[in-house]
Amino acid sequence: NPPVTSPGSGFARFTFDEATKVLTYALTISGIPQGEVTAAHIHRGAVGVNGPIVYNLSTVGFTQVSGSITLTDADVADLKAGNFYV
């Protein structure tokens, strides 16, 4: 927020297991050299609001990255309310 314009694009797939509270992710970036991708994060914030980083997905350049995170109860509530963004 505000929107970022770039020649690149990204695709993200997230799956959430409510029983274990595990959020699994896979991100793919294209159209941008790996050296220009600096990081990827999950932020907490309502639509249109800049929010703080709550989880790092990558802290280095990448074209593909994947992993999983175990969420807290409060984070599960924010995820369900739509208060997380990448």
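First, a word on what this report is: a plain description of the structure on this page. Model, not experiment: these values are computed from the prediction.

Some details on the sheet that holds strand β5 (residues 64–70)
Pairing in this open sheet of three strands is antiparallel, and the strands run β1-β2-β5 from one edge to the other. This sheet does not close on itself; its edge strands, each paired only once, are β1 (9–17) and β5. Each adjacent strand pair in this sheet contributes to an overall mean axis angle of 15°, direction not counted.

Section: the layout of surface pockets
Considered as a void within the structure, the largest pocket measures approximately 640 Å³ in volume. Taken together, 24 residues form the lining of the largest pocket, with Val4, Ile29, Ala39, Ala40 and Val86 sitting closest to its centre. Elements that contribute at least two residues to the lining of the largest pocket include exactly β1, β2 (22–30) and β3 (40–44). In terms of residues, the lining of the largest pocket owes the most to one element, β1, which gives four residues. A class-by-class count of the residues in the lining of the largest pocket yields 14 nonpolar, 10 polar and no charged.

Details of the pairing of β1
Across nine bridges, the pairing between β1 and β2 is antiparallel. Bridging across to β2, phenylalanine 16 finds its partner in leucine 23. Taken together, β1 and the strand that follows it, β2, pair antiparallel across an intervening segment of four residues, in which lysine 21 is found at a positive phi of about 65°.

Points about unusual backbone geometry
Of note, the phi angle at lysine 21 is positive, near 65°, even though the residue is not glycine. On the secondary structure map, lysine 21 appears in the loop between β1 and β2. Take lysine 21: its relative accessible area is 29%, and that puts it in the partly exposed class.

Topic: the pattern of salt bridges
What the rule picks out here adds up to four salt bridges. Note that lysine 80 and glutamate 18 form a salt bridge whose closest N and O atoms lie 2.4 Å from each other. Highlighted residues: lysine 80 in helix α1 (residues 73–81) and glutamate 18 in the loop between β1 and β2, separated in sequence by 62 residues. Owing to a relative accessible area of 53%, lysine 80 belongs among the exposed residues under this scheme. Connected through salt bridges with shared partners, the residues Arg44, Asp75 and Asp78 form a single ionic network.

What counts as what
- Every residue gets a number counted from 1 within its own chain, in the order that chain's sequence is written.
- Local features in a predicted model are, by the rule used here, given only for residues with pLDDT of at least 70; side-chain atom pairs are given and counted only at 80 or more, and totals for whole chains, interfaces and linings are based on all residues.
- Water and hydrogen atoms were dropped before computing side-chain values, which therefore reflect all heavy atoms in the structure.
- Here, any two strands with at least 2 DSSP bridges between them count as paired.
- Only DSSP runs of H or I covering at least 4 residues are called helices, and only runs of E covering at least 2 are called strands; the numbering of each starts at the N terminus.
- Geometry is summarised by axes, namely lines fitted to C-alpha atoms with helices restricted to the contacting stretch, and by angles between N-to-C directions that run from 0 to 180 degrees.
- Any residue with an atom within 4 Å of a point lines the site, the site being either a cavity, points on a 1 Å grid over the protein atoms alone where a 1.4 Å probe fits but cannot get out, or a pocket, an open set with protein on both sides within 12 Å along at least 5 of 7 lines.
- Grid points are joined across faces, edges and corners, and a volume is the space filled by probe spheres set on the points.
- Three residue categories are used. Nonpolar comprises Ala, Val, Leu, Ile, Met, Phe, Trp, Tyr, Cys and Pro, charged comprises Asp, Glu, Lys and Arg, and polar comprises the others, including Gly.
- For every residue, the accessible area obtained with a 1.4 Å probe (protein chains only) is divided by the maximum for its type, and the residue is called buried under 20%, exposed over 50%, and partly exposed between those limits.
- Any carboxyl oxygen of Asp or Glu that lies within 4 Å of a side-chain nitrogen of Lys or Arg is treated as forming a salt bridge with it.

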